[in-house]
Amino acid sequence: MNLLDSIDAFLFDCDGVMWKGDALIDSVLDTLDMLQAMGKKLVFVTNNSTKSRKQYANKFHFLGIYVSEPKHIDNDYRSVAMKRRNKKIM
């Protein structure tokens, strides 16, 4: 078994890693296509709090990134998820 076969899920930072401005970084589409073909779970994360999850979905579409059931995790989403899990947050 090689390293890639032993990994089930991949997290990708968006801004500055997958794209810069409105331009994709080289090989992003090929990499995502390959991982999807292998049945890997893809999760997209960002610390950019200026865009909603819907805005990120629109950006994915604009850039030609079509992934099955994309998961976009941003600061707001993480905060809500943490509050749901933990009744008390300091």
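Residues numbered from 1 in each chain as written. Predicted model: local features only at pLDDT ≥ 70, side-chain atom pairs only at ≥ 80, totals over all residues. Heavy atoms only, no water.

**Some details on the pairing of strand E1 (residues 9-13)**
Side chains Phe10 and Phe12 of E1 all project onto a buried face; the interleaved residues Ala9, Leu11 and Asp13 project onto a face where none is buried. As defined by bridge partners, E1 adjoins strand E4 (residues 41-45) across 5 bridges and the pair is classed as parallel. Within E4, the residue paired with leucine 11 across the bridge is valine 43. (Buried < 20%, exposed > 50% of the residue type's maximum accessible area, 1.4 Å probe, protein only. Helix = DSSP H or I, 4+ residues; strand = E, 2+ residues; numbered from the N terminus. Pairing = 2+ DSSP bridges.)

**Quick notes on the nonpolar core**
Of all hydrophobic cores here, the largest spans 15 residues; its most connected members are Phe12, Met18, Trp19, Leu32, Leu42, Phe44 and Ile65. Elements represented by at least two residues in this core include exactly E1, helix H1 (28-37), E4 and helix H2 (53-63). When neighbours within four sequence positions are excluded, tryptophan 19 is seen to be in contact with Cys14, Leu24, Ile25, Tyr56, Lys59, Phe60, Leu63 and Ile65. (Core = buried A, V, L, I, M, F, W, Y, C linked by side-chain atoms within 4.5 Å. Contact = heavy atoms within 4.5 Å.)

**What about the confidence of the model for the chain?**
Put simply, the chain has an average pLDDT of 80, and 74% of its residues get 70 or more. Model confidence for the chain, summarised as mean pLDDT per element, is weakest for helix H3 (residues 75-85) at 53 and strongest for strand E3 (residues 23-24) at 95. (pLDDT = per-residue confidence, 0-100.)

**So, the pattern of salt bridges**
Tallied over the entire structure, the rule returns 1 salt bridge. Ionic pairing is found between aspartate 22 and lysine 59, a salt bridge with its closest N-O pair at 3.3 Å. With aspartate 22 in the loop between strand E2 (19-20) and E3 and lysine 59 in helix H2, this residue pair connects regions lying 37 residues apart in the sequence. (Salt bridge = Lys/Arg side-chain N within 4 Å of Asp/Glu carboxyl O.)

**As for unusual backbone geometry**
Located in the positive-phi region is serine 27, a residue other than glycine, with phi close to 75°. With respect to the helices, strands and loops of the structure, serine 27 is situated in the loop between E3 and H1.

**Regarding the packing of aromatic side chains**
This structure, assessed with the given rule, holds 5 aromatic pairs. When the centroid spacing of 5.6 Å and the interplanar angle of 85° are considered together, the rings of tryptophan 19 and phenylalanine 60 count as edge-to-face. Of the two residues, tryptophan 19 is situated in strand E2 and phenylalanine 60 in helix H2; the sequence distance between them amounts to 41 residues. This pair shows no difference in class: tryptophan 19 is buried, exactly as phenylalanine 60 is. Between phenylalanine 44 and phenylalanine 60 the ring centres are 4.8 Å apart and the planes differ by 80°, which places this aromatic pair in the edge-to-face class. Residue phenylalanine 44 is located in strand E4, and its partner phenylalanine 60 is located in helix H2; the two are separated by 16 residues in the primary sequence. You'll find phenylalanine 44 and phenylalanine 60 in the same group, each marked buried. Connected via pairs of aromatic rings, a cluster forms that spans Phe10, Phe12, Trp19, Phe44, Tyr56 and Phe60. Positioned above the aromatic ring of tyrosine 56 is the side chain of lysine 51, whose terminal nitrogen or guanidinium carbon lies 5.7 Å from the ring centre. (Phe/Tyr/Trp six-rings, centres within 6.5 Å; stacked < 30°, edge-to-face > 60°. Lys NZ or Arg CZ within 6 Å of the ring centre and 35° of its normal.)

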